[in-house]
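Below, each chain spelled out in residue letters.
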Amino acid sequence: MRFSCAPLALMMMMASPSSFLVRAFVPSSARRAAAGSGSMKWMSATAEEAPAATTEEEPFKYDFTMEDVVSLCKRRGIIFPSSEIYNGFAGFYDYGPMGSELKKNVKDAWWRHFVTQREDVVGLDSSIIHNPTTWKSSGHLDGFSDPMVDCKETKLRYRADQLFYAPVIVDGETVGYVCVQEGNDDDMVKAAKKQAKKLKKEKKIDGQAEAFAFKEVIEATEEEMAQIPSPGSGKPTLTMPRDFNLMFETKVGAMSDESSVAYLRPETAQGIFINFKNVLTTSRQKIPFGIAQIGKAFRNEITPRNFIFRSREFEQMEVEYFIPPGDDVWPPMHQEWMDSSKAFLLSVGLREELMGWDVHKGDSLAHYALACTDVTFKFPFGEQELMGIAARGNFDLTQHTEGSGKSLDYFDETLKEKYIPHCIEPSLGVDRLILALICSAYAEDEVGGEKRSLLKFDPKIAPIKVSVLPLVKNKEALVKVARDLYEKLQKRWNVSWDATGAIGRRYRRADEVGTPFCITVDFETIEDDNAVTIRDRDTTEQVRIPLDDVIPYLSKAIDGY
Ligand code: GAP
């Protein structure tokens, strides 16, 4: 589901500062009616079992904040705000030297897991800009929108499903309203309390306010809206919600008129559907089979926020897995893709205790949506959707058949039947996964009485796999052995050379960017045993390994074979 965390009723006792908000993972409505895959996920699903999930009994508490994550990413060259020298550009980010390696490794791991290690999935790299009719057929042109409200005074724009209002009730009487933006529970509570206090002061009301019953602003009546304060102006200056299409428009060709309008793709999935026949006829695949694609997607998000969690330019890793129709066919396939998605996420280092599952239920199921389950993750700003795994029926291929006039059906030799294939769609955002992996990996501990901060990245995704450290830099023979080893390792992995400073400081530097192994070449190496010391980032344990065994040792530890 695209926007999963839509609290239906966030209850907070004004009198109890320790009480926390309970969030229900229930799609609030089918606002993005029939607007392609993004919107489909608003719709509810079957009740099939999600893999074993963590419960939401205790809210997870990080000992760091999102501000810490953002600043760490900048300091360590992982992610920078885009166009920073021009004061940035909201909703866009740049990946630095460490981040670009990390991102590449995450995408490679996904590709290996879902494409090269399977015989029934093949890859695709479609263009970002398609014939615009694609988006008419998919439903995005008419329905890929978010409800928004504008503040008439500040000109700020808000997503109506991320703005929550509640009446302030004192002695059984509504004395006004509070309105807060979606955030972590504590922040929302704090902001609401502050507003209620101000309101009571202005109106000279002494009594204790009752529990807040929050609702999305989208549910507000016109009468209520005339009293709900805008978070920007503090006055009732919000417009009623209206739909805002999220696709970025561009112009193609020399003419600049209506006929030249095209769109930056808001998802990679449609590139797969419109290539279904091409891939089918050239890859010798038979149903069931999948087409995978990794690539950029663009959405003109009304309120990009939480760093790379919701940005305007991001990358998706998606598979459309085509299957025969039938009520008994898709459930086991859907389950299989949920299991496989979980296995992948754990294999790249996602902390299992921070994962959850959100099976969509409800009465607003789009006619084509059979099921959708989100994998959620407990980010520092709350539990939110990480990825979605949907059973999409044959909606997309049917739409493109109608829109293009080209048949996208399939003759099944086993069933001796012609049909438009159905599909299962696991869809995962690269950037969102990277944020979850950074949150999973960030740690602080003490080594030898000294505090250190480290990124416990799985070796598979670590930007730098090994740091080679010559113990001294003024002993030619020692440096030569170290340099030879470094150049050998470079052929296989991204490795770093660090010959400056005390060895302890060099270890810290490597730990900080999540380098899983440090290799020290010392005097014994050249004078005695022709071996080196390999230090493990997480345990800080050191092993002595003959030079000839270094590559097999690292191969096993990094690549698993
Ligand atoms: N084809 C299905 C689809 O696009 P979606 O739920 O809208 O479904 C899938 O998006 C995934 O893409 C999300 O689970 C999330 O990981 C990622 N994603 C979506 N919008 C994003 C945004 N604005 N910024 C970062 N990642 C986003």
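- As recorded by an unreviewed UniProt entry, the protein chain carries the name glycine--tRNA ligase and is attributed to Seminavis robusta.
- According to UniProt, the comment filed for the protein chain under the heading Sequence similarities (unreviewed entry) is "Belongs to the class-II aminoacyl-tRNA synthetase family."

Brief notes about the packing of aromatic side chains
Aromatic ring pairs are defined here through the distance separating the ring centres and the angle between the ring planes.
Turning to step 1, where the next piece is worked out: Counted by the stated rule, this structure contains 21 aromatic pairs.
Turning to step 2, where the next piece is worked out: Look at Phe-309 and Phe-379: their rings are 5.2 Å apart centre to centre, the planes differ by 70°, and that puts the pair in the edge-to-face class. Here Phe-309 is found in the loop between β14 (289-298) and β15 (313-323), whereas its partner Phe-379 is found in strand β17 (residues 371-379), with 70 residues between them in sequence. The pair formed by Phe-309 and Phe-379 is uniform in burial state, with each residue classed as buried.
Turning to step 3, where the next piece is worked out: When the centroid spacing of 5.2 Å and the interplanar angle of 70° are considered together, the rings of Phe-309 and Phe-381 count as edge-to-face. On the criterion of sequence distance, the pair formed by Phe-309 in the loop between β14 and β15 and Phe-381 in the loop between β17 and β18 (382-391) is long-range, its members being 72 residues apart. Each of the two residues, Phe-309 as well as Phe-381, counts as buried.
Turning to step 4, where the next piece is worked out: Ring-pair connections join several aromatic residues into one group, and the members of that group are Trp-110, Trp-111, Phe-114, Tyr-321, Trp-337 and Phe-344.

As for the sheet that holds strand β7 (residues 163-170)
Turning to step 1, where the next piece is worked out: The sheet built from 3 strands is open, its strands ordered β8-β7-β10 with antiparallel pairing. Edge positions in the sheet fall to β8 (173-181) and β10 (215-216), since each has one partner strand and no second.
Turning to step 2, where the next piece is worked out: In the sheet, β7 pairs with β8 via 8 bridges, with the strands oriented antiparallel. Paired with Leu-163 across the strands is Gln-181, a residue of β8.
Turning to step 3, where the next piece is worked out: Against the sheet, helix α6 (residues 185-202) contacts β7 and β8, and its axis sits at roughly 140° relative to β8.

Let's talk about the side chain of Ser-311
Turning to step 1, where the next piece is worked out: Mapping Ser-311 onto the fold places it in the loop between β14 and β15.
Turning to step 2, where the next piece is worked out: Relative accessible area serves as the criterion here: at 4%, Ser-311 is assigned to the buried category.
Turning to step 3, where the next piece is worked out: At a separation of 3.1 Å, a polar atom in the side chain of Ser-311 contacts the main-chain carbonyl oxygen of Glu-313.

Observations concerning the layout of surface pockets
Turning to step 1, where the next piece is worked out: There is about 430 Å³ of room inside the second largest pocket.
Turning to step 2, where the next piece is worked out: Listed by contribution, the elements that provide at least two residues to the lining of the second largest pocket are α3 (97-116) and α16 (550-559).
Turning to step 3, where the next piece is worked out: Top contributing element to the lining of the second largest pocket by residue count: α3, with 7 residues.
Turning to step 4, where the next piece is worked out: Residue classes in the lining of the second largest pocket are distributed as 5 nonpolar, 5 polar and 8 charged.

Digging into unusual backbone geometry
Turning to step 1, where the next piece is worked out: Look at the link from Ile-287 to Pro-288: it is a cis peptide, with omega at 10°.
Turning to step 2, where the next piece is worked out: Position of Pro-288 relative to the elements: it lies in the loop between α9 (276-283) and β14.
Turning to step 3, where the next piece is worked out: The phi dihedral of Ser-83 falls on the positive side, at around 50°, and the residue is not glycine.
Turning to step 4, where the next piece is worked out: On the secondary structure map, Ser-83 appears in the loop between β2 (79-81) and β3 (93-95).
Turning to step 5, where the next piece is worked out: Of note in the backbone geometry, Asn-530 takes a positive phi value of approximately 50° without being a glycine.
Turning to step 6, where the next piece is worked out: Along the chain, Asn-530 turns up in the loop between α15 (523-529) and β27 (531-536).

About the cut-offs
- Residues numbered from 1 in each chain as written.
- Predicted model: local features only at pLDDT ≥ 70, side-chain atom pairs only at ≥ 80, totals over all residues.
- Heavy atoms only, no water.
- UniProt positions renumbered as here; feature names shortened; annotations may be inferred.
- Phe/Tyr/Trp six-rings, centres within 6.5 Å; stacked < 30°, edge-to-face > 60°.
- Helix = DSSP H or I, 4+ residues; strand = E, 2+ residues; numbered from the N terminus.
- Buried < 20%, exposed > 50% of the residue type's maximum accessible area, 1.4 Å probe, protein only.
- Pairing = 2+ DSSP bridges.
- Contact = heavy atoms within 4.5 Å.
- Axes fitted to C-alpha atoms, helices over the stretch in contact; angles between N-to-C directions.
- Polar contact = N/O pair within 3.5 Å; in protein donor to acceptor, adjacent residues only side chain to side chain.
- 1 Å grid on protein atoms, 1.4 Å probe; cavity = no way out; pocket = protein on both sides within 12 Å on 5 of 7 lines; lining within 4 Å.
- Points joined across faces, edges and corners; volume = space filled by probe spheres on them.
- Nonpolar A, V, L, I, M, F, W, Y, C, P; charged D, E, K, R; others polar.

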